[in-house]
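Structural features, examined
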Amino acid sequence: MAPLPQVDTTAADTTQAAGAGAQSLLDILFQGGWVMIPILLLSLVAIYLLIERLITIRNAQSDPEVVTDRIRQYVRSGDVDGAISYCMQKDVPITRILKQGLERLGRPISEIQDAVQAAGKYETFELEKKTNMLASIAGVAPMLGFFGTVLGMIRAFQEIQNLQGNVNPSVLAGGIWEALVTTATGLLVGILALLAYNFLLTRIRRLTNDMERSATDFIDLLQEPVPPQS
């Protein structure tokens, strides 16, 4: 008889191993106890906040030099209404700040400067809004992890007491590593939330710097001497 053809089961074994690995990871997470639920919820909230703030920052971005040059052209030509319309059309933090100053042209320069600064503070607040929640998650998630570990250790020692000291080392080790699952997960969520917070803060500070520079250039523009009429 001819020998039976050999079937390559490498792909099937790999698929089964990957499925077993994923299943074992889920089992490990579930064995962390009920404390894993708020930790996982915090991770979802952190992801949502990161995506939402990134979209907000992207929509707020603009070229400050282009905006300032365009406003300067309108103001020097005396077309204040055109400058205001341009700011309303762009509708980004920089143009909203400059619009507050343009609407007060003719008033004392100190009043215009105060309005521009107040608008800048408001726009900065809007950009930084919700980022503090990421910082809170970075602090709360590890604490929840430690709390879950303490509860797990309490259960492990209760098991030792119930067995009246006749404890198999494997039973004790299993209880301990199950308790440590919450600490590891909480630390992971906290670290990622802290990285996301610092990343967003860097992007927001860059935008804030652009807004401050544009506001300063605008105030300087208003204090330029008027060229003599020919």
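Computed from a prediction, not measured in an experiment: that's the story for all the values here.

1. Let's talk about the overall build of the protein chain
Summing up its helical and strand segments, the protein chain has eight helices and zero strands in all. When the elements of the protein chain are put in sequence order from the N terminus, they spell out α-α-α-α-α-α-α-α. Look at the contacts in the protein chain between residues 6 or more apart in sequence, and 82% of them connect residues 24 or more apart.

2. What about the UniProt feature "transmembrane region" (unreviewed entry) in the protein chain?
Those residues carrying the UniProt feature "transmembrane region" (unreviewed entry) are residues 28-51, 134-156 and 176-201 in this numbering. Annotated as residues 134-156, this span is 100% helix and 0% strand, and its ends, taken at the C-alpha atoms, are 33 Å apart. For residues 176-201, helix accounts for 100% and strand for 0%, while the C-alpha atoms at its two ends are 38 Å apart.

3. Focus: helix α7 (residues 131-162)
The terminal C-alpha atoms of α7 lie 47 Å apart, and with 32 residues this matches the ideal 46 Å at 1.5 Å per residue to within 8%. Considered for burial, the residues of α7 that qualify are T131, L134, I137, A138, A141, P142, G145, G148, T149, G152 and A156.

4. Topic: the nonpolar core
Ranked by size, the top nonpolar core spans 40 residues in total, and within it I71, L98, L102, V116, L134, I137 and F218 carry the most contacts. If you list the elements that add at least two residues to this core, you get α2 (36-60), α3 (64-76), α4 (80-90), α5 (93-102), α6 (109-128), α7 and α8 (169-222). For L102, the contacting residues outside a window of four places in its chain are I71, V75, V80, A83, I84, C87 and F218.

5. Overview of the packing of aromatic side chains
In this description, a pair of aromatic rings is defined by centroid distance and the angle of the planes. What the rule picks out here adds up to one aromatic pair. Where Y74 meets Y86, the ring centres are 6.2 Å apart and the plane angle is 35°; that geometry is what we call tilted. Separated by twelve residues along the polypeptide, Y74 in helix α3 and Y86 in helix α4 bring together distant segments of the chain.

6. Side note on unusual backbone geometry
One non-glycine residue, D91, adopts positive backbone phi at about 50°. Among the structural elements, D91 can be located in the loop between α4 and α5.

7. Section: the packing of α2 against α7
α7 packs onto α2 with a crossing angle of 160° between their chain directions and a minimal axis gap of 10 Å. With respect to their mutual orientation, α2 and α7 come out roughly antiparallel. Between α2 and α7 the crossing geometry is left-handed. Together, P38, I39, L42, V45, A46, L49 and R53 of α2 and T131, M133, L134, I137, V140, A141, L144 and G145 of α7 make up the contact between the two elements.

Scoring rules and cut-offs
- Residues numbered from 1 in each chain as written.
- Predicted model: local features only at pLDDT ≥ 70, side-chain atom pairs only at ≥ 80, totals over all residues.
- Heavy atoms only, no water.
- Helix = DSSP H or I, 4+ residues; strand = E, 2+ residues; numbered from the N terminus.
- Contact = heavy atoms within 4.5 Å.
- UniProt positions renumbered as here; feature names shortened; annotations may be inferred.
- Expected span 1.5 Å × (residues − 1).
- Buried < 20%, exposed > 50% of the residue type's maximum accessible area, 1.4 Å probe, protein only.
- Core = buried A, V, L, I, M, F, W, Y, C linked by side-chain atoms within 4.5 Å.
- Phe/Tyr/Trp six-rings, centres within 6.5 Å; stacked < 30°, edge-to-face > 60°.
- Axes fitted to C-alpha atoms, helices over the stretch in contact; angles between N-to-C directions.
- Parallel < 35°, antiparallel > 145°, perpendicular 65-115°, else oblique.
- Left-handed = near helix turned anticlockwise from the far one by under 90°.

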